[in-house]
Amino acid sequence: MQNDLIIAGFGGQGVLLIGKMLAYAGMADGKEVSWLPSYGPEMRGGTCNCTVVISDRPVGSPVVERPWVAMVMNLPSLEKYEGMVKPGGMVLVNTSLINRTVARTDVRVVNVPANEIANRLGNPRAANMVALGAYLGATRAVSLEAVEGLVRETFASKPKVIDSNLAALREGYALGERETAVAQEVGA
Amino acid sequence: MAKKLMKGCEAIGEAAVKAGCKLFFGYPITPQNEIPEYMAHRLPQVGGTFVQAESEVAASNMIYGAAGSGERVFTSSSSPGISLMQEGISYIAGSELPVVIVNIMRAGPGLGGILPSQSDYFQATKGGGHGDYRLLVLAPWSVQEAADLVQDAFDLADFYRNPVMVLGDGLIGQMMEPVEFKPERTPCKPLAPKEWAATGCSGDRPTNIVNSLFLDPEVLERHNQKLKAKYDRMVRDEVRCASYGTDRPYDVLVVAYGTVARVSSTALDDLRGEGVDAALFRPITLFPFPHAELRAAAEKAQEVLVVELSTGQMIEDVRLALEGRKPIHFLGRQGGMLISPEAVAEKVKAIQASSAEVRRG
């Protein structure tokens, strides 16, 4: 089976980083992976995205026009990617920065107040980790343990932020699991 | 060695180091800046030298000089930069020197854009610089294959004493995938000592001269014929290609190279789910082009579809290979726009539907 997703947001929100972490974790879990960044002529504060494919088979196209999942960290990303998700797929919405709901009714929606949670945990820059955790909780695409290991590695030179990033990841994970359980109960 | 997640550009750089390349000369340009960045950091660790040239014209003359000394040497650039290097590349081919050139293609013409393209196919395979010469051109479809082909490129360059180009698009340079380097790699060609190299001598052997100037037309013609014999040998011995789904019956044969071939392979998987039979033929060497192999694969198809990130360049070699035997269709995007699996699948379905109608008709 194949998990593919597009992660999109403003430059600086760390969307490329969490995409890379997913690819690394997928590889650590023994899967085939690819990570493709947008590298267009954009500047800080502009939009930024990456496509990650995690598969049991060799990855075919690293270019995904119709992903199973779109993780959108800001409103322009929701506008751009909402319509592209495959029917039956999932839109993970950072509700802290997106003040409208997902219009589509044929996809699962996971609402994540990523910035609010990160702020509450005392590390406003860890909103991306909350979103990544929520994705993992909702899809189990790769193991939480593999990503936790990567957080420790990634921030090895800044040990002060490891705990808050791990907390953000775990809180997101729990939220993603909860939202999924609710969706299953109501038969969505 | 364990698999490592690497960006295409970094894998290309590491592959060059693993192949024993000690010298890099180049000039920055998107989307391949991570190659010189990697070499700048990595070469000093292995006793090599990285030089950022003042321009691509200079870089191509630096690799010319360095190759004359017999060291393994490498440069990389992207489309406009490769255009600037053409004079040097022609001299290198004329002087029969081994160099490896990586072109991570971006959209043109002119400065164009920085996004992926395959619009330098003609330049890579049909000359680029002046004179009657050929590059051996290798086109990877994954980061792993880019790493493998770059290592082979050094062996092929040495064996034929000819420049070898690895032609990838921006996607190959920028995406990350797992890569594995074998600890003990056997060269893909038998390699003789470089007795021709201009390394300096104290009269104990005849002087070696590196030169592309032959003012006597009879001598130059003999030189041209010698080069031709070399290119003929490449055509005979170096063709590489791959196919996907050709073990089953198929109506449409898709021909694509590089990442576009991968996009097409996903389209074929999706089509199989819908009961549409199509197969993929992928040239890995663009020169020498796999004419006979393509002709054989197309025999079993009703229609052929060429997919490229250009307005249609490789399609000319496909036409030459098929000699009018099959109808040939084209799907292309330009300007840095990408082709999706969905677009390929739709085109295949449209071709199959109209082909079936004609046959019924």
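The numbering scheme is per chain: residues are counted from 1 as the chain's sequence reads. Numbering of ligands from 1 and lettering of chains from A proceed in the order in which they are written. In keeping with the model being predicted, local features are shown solely for residues with a pLDDT of at least 70 and side-chain atom pairs are shown and tallied solely at 80 or more, while totals for entire chains, interfaces and linings include all residues.

J.: Is there a simple way to explain the overall build of chain A in this structure?
T.: Think of it this way: any DSSP run of H or I at least four residues long counts as a helix, any run of E at least two long counts as a strand, and we number them from the N terminus. Along the backbone of chain A there are 6 helices and 6 strands. In chain A, the succession of α and β elements from N to C terminus is β-α-β-β-β-α-β-β-α-α-α-α. The globule rule used here is 2.2 Å times the number of residues to the 0.38 power, and the radius of gyration it is set against is calculated over C-alpha atoms. Compactness check: chain A gives a C-alpha radius of gyration of 15 Å against a globular reference of 16 Å for 188 residues, within 12% of the reference. Counting only C-alpha atoms, chain A reaches 40 × 40 × 35 Å along its principal axes. Here exposure depends only on C-beta density: within 10 Å of a residue's C-beta, 20 or more other C-beta atoms make it buried, 12 or fewer make it exposed, and intermediate numbers make it partly exposed, the C-beta atoms being placed from the backbone. Out of the 188 residues in chain A, the part that is buried amounts to 49%. Two residues qualify as a contact pair if the distance between their C-beta atoms, derived from the backbone, is within 7 Å. A sequence separation of at least 24 residues applies to 58% of the contacts in chain A between residues at least 6 apart.

J.: I would appreciate a short explanation of the interface of chain A and chain B in the present structure.
T.: When the parts of a complex come together, some accessible area is lost, and that lost area is often used as the size of the interface. In this complex, chain A contributes 18 residues to the contact, which on the side of chain B involves 21 residues. Looking at the side of chain A that touches chain B, the elements that each hand over two or more residues are α1 (15-28) and β2 (32-37) of chain A. No other element matches β2(A), which puts 5 residues into the side of chain A that touches chain B. For this classification, Asp, Glu, Lys and Arg are treated as charged, while Ala, Val, Leu, Ile, Met, Phe, Trp, Tyr, Cys and Pro are nonpolar and the rest, including Gly, are polar. Here the residues of the side of chain A that touches chain B sort into 11 nonpolar, 4 polar and 3 charged.

J.: Explain the pairing of strand β2 (residues 23-26) of chain B to me, please; I cannot follow it from the model alone.
T.: A regular strand places its side chains so that they alternate between the two faces of the sheet. All names here are of chain B. Here β2 shows no split at all, with L23 and F25 on one side and F24 and G26 on the other all buried. When DSSP finds two or more bridges between a pair of strands, those strands are recorded as paired. Here β2 runs beside strand β3 (residues 49-52); their pairing, made up of 4 bridges, is parallel. Pairing of F25 across the sheet is with V51, part of β3. Strand direction decides the pairing type here: β2 and strand β4 (residues 73-77), joined by 2 bridges, are parallel. If you follow F24 over to β4, its bridge partner there is F74.

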